[in-house]
Amino acid sequence: MNLSLLNKIFTSENSILPLIKSSGGKYLITYVNQHCFNISFTDREYLNTLTSDFTVYADGVGLYSSLKFLGFHPLENFNASDLNQKAFDYFITNRTPIYILGGKFDTSLILSAFIKKGVNIKGYSNGYEETVSLHDLALTISNSCAEVIIIGISVPKQEKIAHALFKLLPDKSFLCVGNFLEFYLGTKKRAPEFLRNSGFEWLFRLSIEPKRLWKRYLIGIPVFVYHIIKLKLTLRT
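As the structure is a prediction and not an experimental result, all values here were calculated from the model. (Residues numbered from 1 in each chain as written. Predicted model: local features only at pLDDT ≥ 70, side-chain atom pairs only at ≥ 80, totals over all residues. Heavy atoms only, no water.)

Visitor: Can you lay out the packing of aromatic side chains for me, pointing to particular residues and giving the numbers?
Guide: Counted by the stated rule, this structure contains 14 aromatic pairs. Measuring from centroid to centroid gives 4.7 Å for Phe88 and Tyr184, while their planes differ by 45°, and the two rings are tilted. Note that Phe88 is positioned in helix H6 (residues 80–93) and Tyr184 in helix H10 (residues 180–185), a separation of 96 residues in sequence. Using a relative accessible area of 0% as the deciding quantity, one classes Phe88 as buried. Chaining the aromatic ring pairs together yields one cluster made of Phe88, Tyr90, Phe91, Phe114, Phe180 and Tyr184. (Phe/Tyr/Trp six-rings, centres within 6.5 Å; stacked < 30°, edge-to-face > 60°. Helix = DSSP H or I, 4+ residues; strand = E, 2+ residues; numbered from the N terminus. Buried < 20%, exposed > 50% of the residue type's maximum accessible area, 1.4 Å probe, protein only.)

Okay, here's the thing in structure tokens:
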């Protein structure tokens with residue numbers, strides 16, 4: 001049962017942002033949405049990683065509604081992309097040294113793009129081609145003098161990499177952001193705000209990337225509902 005994961009999830013934005021903004025505090029933060037929750041049933045390493053060292057927060061209306069259905073409270077409906085935007089605003093204001101790992105961006109272009117936004121970026125590594133040797137990557141990050149490492153890869157790979165690097169670099173902070181980097185740089189378009197607030201952002205994303213996302217939503221959503229109903233019945237016994 002994955003109740004152990006739900007029991008440790010932070011359910012308000014104000015419970016996460018102060019941790020990100022804490023002076024000198026080290027953290028390992030990621031999100032859980034309905035897709036992540038489904039993965040936690042089939043990937044034991046991912047589940048164990050989330051329930052050990054990670055600080056985890058609920059992302060999106062799907063998990064919010066499910067936690068409400070299960071009787072969790074207090075609850076706040078917020079999403080990872082909006083929280084990550086506030087985190088980056090804070091990093092820019094405070095000139096926080098950042099290292100970014102993720103995506104398939106051209107290194108010179110992404111460095112230039114982040115510098116233009118005011119991000120104090122200390123280095124960038126492609127999230128798909130430069131993560132073979134984590135020890136070498138850890139050394140590169142350490143030499144960059146970055147304080148916060150932003151990891152934007154797919155779930156559960158980003159959490160496994162973040163956790164491994166966290167063990168190698170205990171003096172650093174890690175924030176997993178998924179595909180937020182593409183939204184932030186404008187290489188992918190976010191759904192209109194009314195869709196985000198209504199819980200149908202997934203329809204917009206499915207229409208943009210049907211080949212990649214059809215299974216996640218058309219199969220994943222019913223599977224997620226099944227898991228939640230099963231948990232509800234378990235809690236009643």
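Moving on from the coordinates now.
Visitor: Describe in detail the pattern of salt bridges, supporting the description with residues and values.
Guide: If you walk through the whole model with that rule in mind, you get nine salt bridges. Linking Arg190 and Glu201 is a salt bridge whose minimum nitrogen-to-oxygen distance equals 3.9 Å. One end of the pair, Arg190, is in the loop between H10 and helix H11 (193–198); the other, Glu201, is in helix H12 (residues 201–208), and eleven residues separate them in sequence. Each member of the pair Arg190 and Glu201 is classed as buried. The closest approach of N and O atoms between Glu209 and Arg212, which form a salt bridge, is 3.0 Å. Looking at Arg212, the relative accessible area reads 44%, which means it is partly exposed. (Salt bridge = Lys/Arg side-chain N within 4 Å of Asp/Glu carboxyl O.)

Visitor: So what's going on with the sheet that holds strand E3 (residues 98–102)? Residues and values would help.
Guide: One open sheet holds the six strands; their spatial order is E2-E1-E6-E5-E3-E4, and the pairing between them is parallel. Either end of the sheet is taken by a strand with one partner, and the two such strands are strand E2 (55–58) and strand E4 (121–125). Recorded for the sheet is a direction-independent mean angle of 20° between the axes of neighbouring strands. Here strand E5 (residues 148–152) pairs with strand E6 (residues 173–176) via four bridges, running parallel. (Pairing = 2+ DSSP bridges. Axes fitted to C-alpha atoms, helices over the stretch in contact; angles between N-to-C directions.)

Visitor: Explain unusual backbone geometry to me, and be specific about the residues and the numbers.
Guide: A cis amide bond links His73 to the next residue, Pro74, at an omega of -5°. Inspection of the secondary structure puts Pro74 in the loop between helix H5 (61–70) and H6. Backbone torsion omega between Val155 and Pro156 reads 5°, so that peptide bond is classified as cis. You can see Pro156 is positioned in the loop between E5 and helix H9 (157–168). Its identity is not glycine, yet Arg95 carries a phi of approximately 55°, on the positive side. Relative to the elements of secondary structure, Arg95 occurs in the loop between H6 and E3. The exposure class assigned to Arg95 is partly exposed, which follows from its relative accessible area of 47%. Positive phi, close to 65°, is recorded for Cys145, a residue that is not glycine. Counting through the fold element by element, Cys145 comes out in the loop between helix H8 (134–144) and E5. Cys145 gets classed as exposed once you look at its relative accessible area, which sits at 53%.

Visitor: Any chance you could break down the pairing of E3 for me, citing the residues and the numbers?
Guide: With five of its five residues buried, E3 lies for the most part within the structure. Side chains Ile98, Ile100 and Gly102 of E3 all project onto a buried face; the interleaved residues Tyr99 and Leu101 project onto the opposite face, where all are buried too. Looking at chain direction, E3 and E4 are connected through four bridges and run parallel. Considered in E4, the bridge of Leu101 is made with Ser125. In this fold, E3 hands off to helix H7 (residues 107–117), which returns the chain to E4; that crossover is right-handed. Bridge count for E3 against E5 is five bridges, and the pairing is parallel. Residue pairing for E5: Gly102 is matched across the bridge by Gly152. (Right-handed = clockwise from strand over helix to strand, strands pointing away.)

Treat this as a map of the structure, not an account of what it does.
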